[in-house]
Amino acid sequence: MEIMNDKAHISYHTARRFLIDLIKNNDFSGDEEIIKLLHSILQGKSCLNYFTDGVVSRVHIDKETRIFLLDYSDQEVKMPCLPKTVFLLFLIHPEGVNFKGMRAYLQELYNIYQIVMKKNIEADKIRQILGNLVDPMSNSIYEACSIIRNRLLKVAGPSRMKFYDITGKRGGCHHIKLDRELVIVEHEKLRKMMNR
């Protein structure tokens with residue numbers, strides 16, 4: 001991704017004029033990489049997608065628990081507190097979690113929720129929210145996963161979702177496939193939870 005991070009500091013108009021001159025005065029027909037790039041642009045795909053196609057991005061969780069897919073974009077993957085708590089729980093457990101057995105993770109969910117929550121909220125209110133999440137008769141976990149999927153999709157794109165999405169068969173374990181070596185956690189408490 002060096003090519004995307006080391007952008008030249010020139011104006012748009014200068015870059016545009018340079019690019020037009022370059023294309024007019026050079027024959028790129030033998031350069032397979034440039035042909036593929038131009039083809040992808042003509043099909044409406046972004047240059048970023050071209051350069052990151054096939055790349056599995058690192059997940060960066062900063063000190064404020066903001067989530068970034070570093071190798072795709074500098075845009076934060078914004079999520080409400082509950083979906084973010086669920087996403088972090090599944091990142092912490094690469095072995096997977098069974099939705100029906102989530103009650104066993106209630107204390108851990110509580111600890112994560114407190115980290116993610118930016119303002120003070122009554123403990124009883126958190127327990128009520130999380131109690132609904134772990135209730136096997138509730139759809140709360142599916143709603144949270146749907147929000148997670150939607151927010152990740154905006155940054156990762158559909159072809160790369162398989163690495164970041166919470167997937168699994170109904171009644172079985174659900175997990176995030178991403179290699180945990182690609183997860184960078186700056187928040188101290190979360191890092192300790194990840195490294196247990």
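What you see is a predicted model; the values in this text were computed from it and never measured. (Residues numbered from 1 in each chain as written. Predicted model: local features only at pLDDT ≥ 70, side-chain atom pairs only at ≥ 80, totals over all residues. Heavy atoms only, no water.)

Caption draft 1: Spatial organisation of a nonpolar patch on the surface. Where nonpolar side chains cluster on the molecular surface, the patch consists of Phe18, Leu19, Leu22 and Ile23 and spans about 370 Å² of accessible area. Position of Leu22 among the secondary structure elements: in helix H2 (residues 12-25). A relative accessible area of 32% means that Leu22 is categorised as partly exposed. (Patch = residues over 30% accessible without salt bridge, like charges linked within 9 Å, V, L, I, M, F, W, Y side chains within 5 Å. Areas by Shrake-Rupley, 256 points an atom, 1.4 Å probe, with all protein chains shown as cover. Salt bridge = Lys/Arg side-chain N within 4 Å of Asp/Glu carboxyl O. Helix = DSSP H or I, 4+ residues; strand = E, 2+ residues; numbered from the N terminus. Buried < 20%, exposed > 50% of the residue type's maximum accessible area, 1.4 Å probe, protein only.)

Caption draft 2: Focus on the nonpolar core. Formed by 47 residues in total, the largest nonpolar core has its most connected members in Ile61, Leu69, Leu91, Met102, Leu133 and Leu152. Going through the elements one at a time, strand E1 (59-61), strand E2 (67-69), helix H5 (81-92), helix H6 (106-116), helix H7 (123-134), helix H8 (140-156), strand E6 (183-185) and helix H9 (188-194) are the ones with two or more residues in this core. Sort the elements by how many residues they give to this core and H5 lands first, with 8 residues. Look past the residues within four positions of Ile61 in its chain and what remains in contact with it is Arg66, Ile67, Leu88, Leu91, Val183, Ile184, Val185, Glu186, His187 and Leu190. (Core = buried A, V, L, I, M, F, W, Y, C linked by side-chain atoms within 4.5 Å. Contact = heavy atoms within 4.5 Å.)

Caption draft 3: H8, seen in detail. The end-to-end C-alpha distance of H8, which contains 17 residues, comes to 24 Å, matching closely the 24 Å that a straight helix rising 1.5 Å per residue would cover. Turning to H8, its buried residues are Ser140, Ile141, Ala144, Cys145, Ile148, Leu152, Val155 and Ala156. Mapping the buried residues of H8 onto a view down its axis gives an arc of 130°, with all of them on the same face. Those residues of H8 that are exposed and aimed more than 90 degrees away from the buried face are Glu143 and Lys154. For H8, the elements touching its buried residues are E2, H5, H7 and strand E4 (166-168). Taken from the residues just after H8, Gly157 is the one with a positive phi, measuring 85°. (Expected span 1.5 Å × (residues − 1). Arc of directions from axis to C-beta.)

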